[in-house]
Amino acid sequence: MPNNSKKNVFKIVLSQKEAGAAVPLIILMVIVSFVNKNFFGLNNLMDVLRTASFWIMIAVPVTFLLCAGGIDLSLGAATSIGGVVCGKALKAGCSIPVAILLALAVGLLIGLMNGVCIVKFKLPGFILTLGTQYCINGIINVWTSGLSISNLAKEYTRIGQFRIGKVVPIPIVYAVIIALIGHIILTRSKLGRKILAVGGNEETARLAGINVDKMKILTYVFVSMMACFAGVIYGARFATVQPAIGTGSEMNIIAAVIVGGTSMMGGVGTIVGTVIGSVLMAMITNVLIMLGVSAYWQAFVFGFILIISLFIDRYRQRSLNA
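Residues numbered from 1 in each chain as written. Predicted model: local features only at pLDDT ≥ 70, side-chain atom pairs only at ≥ 80, totals over all residues. Heavy atoms only, no water.

1. What to know about the overall build of the protein chain
Right, on to step 1. Assigned secondary structure in the protein chain consists of 14 helices and two strands.
Right, on to step 2. Taking 2.2 N^0.38 as the reference for a compact globule, 322 residues should give roughly 20 Å; the C-alpha atoms of the protein chain span a radius of gyration of 20 Å, in line with that estimate.
Right, on to step 3. Across its three principal axes, the protein chain shows a C-alpha extent of roughly 70 × 55 × 35 Å.
Right, on to step 4. By sequence separation, contacts in the protein chain at least 24 residues apart represent 79% of the contacts at least 6 residues apart.
Right, on to step 5. Carbon and sulfur atoms make up 68% of the accessible area of the protein chain, which totals about 15,600 Å².
Right, on to step 6. Here the protein chain carries 25 positive and 9 negative side-chain charges, and the mean point of each set is 7 Å from the other. (Helix = DSSP H or I, 4+ residues; strand = E, 2+ residues; numbered from the N terminus. Rg over C-alpha atoms; globule rule 2.2 N^0.38 Å. Contact = heavy atoms within 4.5 Å. Areas by Shrake-Rupley, 256 points an atom, 1.4 Å probe, with all protein chains shown as cover. Lys, Arg positive; Asp, Glu negative; His and termini not counted. Charge placed at Lys NZ, Arg CZ, Asp CG, Glu CD.)

So, in structure tokens, the structure goes:
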């Protein structure tokens, strides 16, 4: 194949939104097949997909947020407090549905506060949500004294531990449903088109009659509520609510979304890519653990991936503008 043809094929592949995650995922699977054949065992694959499922639950709404031109660094803290609120409510005697609704209500309030402060008061989203993260983590530490909430009802733990056919963990089903709904909304609904329009050009969106402020606030609410929901499922999975379960997850999730093809500049996004990106990040975690790599190096790898994802996003933007 001539060099020009090779370059064109390379350019076409990289210009695809999902390529940033799909190509590394395929390469990683090929490499792992030679390094450790146990990786493709059913139990291990289910563990990878279960890990990815928790990220997908949050990454889907984060895709909408980035498409609208927003950013949220408080989603890890929202995950933590969602689990804590649910756990505390259960301990206080609330029924499981009520406990879950209380957690979602807290998520709604967090998202509403973030959205209003950023949209109405024109505060920088990066700094505002970082401040929110610190505030929420402080509340959690004071409320729980840093202690886990355990001895939770078996009926509650089943919503995170149940396996369909004794094989497929139930969190995977939640993630698939959320991803399908997210994909339909983003690609086939007026709401999805409005969000993409807002992220593409706010002024043009306003002239087209779109309520830009409402769309942006809605995406912040969506992120926080789903983060709290993920926290609820985390608690059920481990049968213990850990106060810091979501700490540090925000950058991994954002990296998965960007690698998957959603632009930080707004206006471009793909739920399919987000799912692939989440699976890629979960697979990398699993492989590093199987190889006995130190947790310190794992942090380095994820940081490196985040940096690479930014370069991929910039390259993709230049390709679109060329």
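2. Considering a positive patch on the surface
Right, on to step 1. Residues K190, R193, K194 and K214 make up a contiguous surface patch of positive charge.
Right, on to step 2. Looking at the positive patch element by element, the count peaks at three residues for helix 9 (residues 190–200).
Right, on to step 3. Looking at K194, the relative accessible area reads 36%, which means it is partly exposed. (Patch = residues over 30% accessible without salt bridge, like charges linked within 9 Å, V, L, I, M, F, W, Y side chains within 5 Å. Salt bridge = Lys/Arg side-chain N within 4 Å of Asp/Glu carboxyl O. Buried < 20%, exposed > 50% of the residue type's maximum accessible area, 1.4 Å probe, protein only.)

3. A word on the layout of surface pockets
Right, on to step 1. The volume enclosed by the largest pocket comes to roughly 430 Å³.
Right, on to step 2. What lines the largest pocket is a set of 20 residues, among which T51, W55, Y234, R237 and T285 lie closest to the centre.
Right, on to step 3. Contributing elements (two or more residues each) for the lining of the largest pocket: helix 3 (42–67), helix 11 (212–238), helix 12 (249–259) and helix 13 (271–290).
Right, on to step 4. Among the residues forming the lining of the largest pocket, the class breakdown is ten nonpolar, eight polar and two charged.
Right, on to step 5. For the second largest pocket, the calculated volume is near 310 Å³.
Right, on to step 6. Around the second largest pocket, the lining comprises 16 residues; the ones closest to its centre are P24, L28, L280, I284 and I305.
Right, on to step 7. Of all the elements in the fold, those that place two or more residues in the lining of the second largest pocket are helix 2 (19–35), helix 13 and helix 14 (295–321). (1 Å grid on protein atoms, 1.4 Å probe; cavity = no way out; pocket = protein on both sides within 12 Å on 5 of 7 lines; lining within 4 Å. Points joined across faces, edges and corners; volume = space filled by probe spheres on them. Nonpolar A, V, L, I, M, F, W, Y, C, P; charged D, E, K, R; others polar.)

4. Considerations on the environment of Y234
Right, on to step 1. Mapped onto the elements of the fold, Y234 is located in helix 11.
Right, on to step 2. Since its relative accessible area comes to 12%, Y234 is described here as buried.
Right, on to step 3. Expressed as a C-alpha distance, the spacing of Y234 and Q161, which sit 73 residues apart in the sequence, is 9.6 Å.

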